[in-house]
Structures are given as C-alpha cells and as structure tokens.
Amino acid sequence: MLAPKRQKYRKQFRGVWRKIAVKGNELNFGAYGLKTLNSGWISDRQIEASRVALARATRKVGKFWLRIFPDKPYTKKPPEVTMGSGKGDVSHYVASVVAGKILFEVDGLSESEARAVFKTISSKLPVKTRTIIKL
C-alpha cells in the first residue's frame, strides 16, 4: 500500500476541508481526468485498486498519472476497548481531497475508453466524481 516514507509526527488531527480546490484543479499531464465533486478521505487501498484498474486499461497504449497521495494517518482504536486512554494507533493512511481536485489523469486512450475506465474507477472511490476533457 501507499504510505509516506517518514513523517514528522505519528498522528494528525482530522482537519477541516475547504469549500473547493484551489490547487490541483486543472489537467496538467493527460488529455482526460477524473475530478471530485465533493470532499472526503480516499484510503490507500482505494487508491491502489484504482491504480491497478488504470494500469490494466493503459497496458498496451497510453499513460496515466496519480495526482493524490495518502499522507494523512488514520487512527483507530481496537474493538471492545473502553473510551479514554488516548488516541488509537495508526490504522492506515488516507488522502484528503476537496471538491474540484483532479485525482487521476490519462493520455493515449480514446474518449470512450477513458470514460469507461473512469466509470470503473469511480465505483471504487467514496467520493462523487466527473470525467473532464482537456480542450
């Protein structure tokens, strides 16, 4: 799974999401992209499942880019443990995304192929998404 190599602090606060993305809201690399319509956390497993689907779709032709990375630790307390005694251990890592952020980009595919790939990927993600095209 994707995880940061090293961090300054082991645990983080949950934070608050901004209204819309100011950075990372335009296509930079590919001709087609997958953009979020709402805010949320995307786990390392969901990013990996999306990456595998993209790799299978662009195996012969095309190239893809991941524009998000799970750098936020998600803590969880073990089952059947009482309240109190501090914050839980780090369970996994998540990427915090806001509305308007580009998640993935693809180049070298036709529009219909790109839409089909992004449709399968969006079913693996917890946020609403939309396919966008570079003009």
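Note that the coordinates shown come from a computational prediction; the quantities given were computed from them, not determined experimentally.

What counts and how
- Residues numbered from 1 in each chain as written.
- Predicted model: local features only at pLDDT ≥ 70, side-chain atom pairs only at ≥ 80, totals over all residues.
- Heavy atoms only, no water.
- Pairing = 2+ DSSP bridges.
- Helix = DSSP H or I, 4+ residues; strand = E, 2+ residues; numbered from the N terminus.
- Axes fitted to C-alpha atoms, helices over the stretch in contact; angles between N-to-C directions.
- Expected span 1.5 Å × (residues − 1).
- Buried < 20%, exposed > 50% of the residue type's maximum accessible area, 1.4 Å probe, protein only.
- Contact = heavy atoms within 4.5 Å.
- Arc of directions from axis to C-beta.
- Phe/Tyr/Trp six-rings, centres within 6.5 Å; stacked < 30°, edge-to-face > 60°.

Explanation requested: the sheet that holds strand S5 (residues 89-97) in the structure shown.
Neighbouring strands of a sheet are bound in pairs by backbone hydrogen bonds; such pairs are parallel or else antiparallel. Pairing is antiparallel in the open sheet, where three strands are placed in the order S2-S5-S4. The open sheet terminates on both sides in strands that have one partner only, identified here as strand S2 (40-43) and strand S4 (72-76). Within this sheet the neighbouring strands show an average axis-to-axis angle of 50 degrees, counted without direction. Alignment of S2 against S5, held across four bridges, turns out to be antiparallel. The residue bridging Gly-40 from the neighbouring strand is Val-97, located in S5.

Would you mind showing me how to read helix H1 (residues 44-57) here?
Owing to its 3.6 residues per turn, the α-helix aligns residues three or four sequence positions apart on the same side. With 14 residues, H1 extends 20 Å from end C-alpha to end C-alpha; this agrees with the ideal 20 Å at 1.5 Å per step. Taken together, the buried positions of H1 are Asp-44, Ile-47, Ser-50, Ala-53 and Leu-54. Against the buried residues of H1 lie S2, strand S3 (63-66), S5, strand S6 (102-107) and helix H2 (111-122).

Just checking my understanding: could you explain the sheet that holds strand S1 (residues 32-36) for this structure?
Here four strands make up an open sheet; going across it, the order is S3-S6-S1-S7 and the pairing antiparallel. The open sheet has two edge strands, S3 and strand S7 (129-133), and neither has a second partner. Ignoring strand direction, the axes of neighbouring strands in this sheet form an average angle of 20 degrees. Bridge count for S3 against S6 is four bridges, and the pairing is antiparallel. When the bridges of S6 are listed, Leu-66 appears paired with Phe-104.

Would you mind going over H2 with me for this structure?
Over its twelve residues, H2 extends 16 Å from the first C-alpha to the last, a length consistent with the 16 Å expected when each residue adds 1.5 Å. Along H2, the residues that are buried comprise Ala-114, Val-117, Phe-118 and Ile-121. Viewed along the axis of H2, the buried residues span an arc of 95 degrees, placing them on a single side of the element. Among the exposed residues of H2, those pointing more than 90 degrees away from its buried face are Ser-112 and Lys-119. Among the structural elements, S1, H1, S6 and S7 are those in contact with the buried residues of H2.

Would you mind going over the environment of Ala-116 with me for this structure?
Here Ala-116 is to be found in helix H2. Its relative accessible area of 43% is what places Ala-116 among the partly exposed residues. For the pair formed by Ala-116 and Ala-57, sequence separation is 59 residues and the distance between their alpha carbons is 9.4 Å.

Whenever I open this one, the packing of aromatic side chains confuses me. Can you help?
The relation between two aromatic rings is expressed through the spacing of the ring centres and the mutual angle of the planes. Tallied over the full model, the rule gives three aromatic pairs. Ring geometry for Trp-41 against Tyr-74: centres 5.9 Å apart, planes inclined by 80 degrees, an arrangement best described as edge-to-face. One end of the pair, Trp-41, is in strand S2; the other, Tyr-74, is in strand S4, and 33 residues separate them in sequence.

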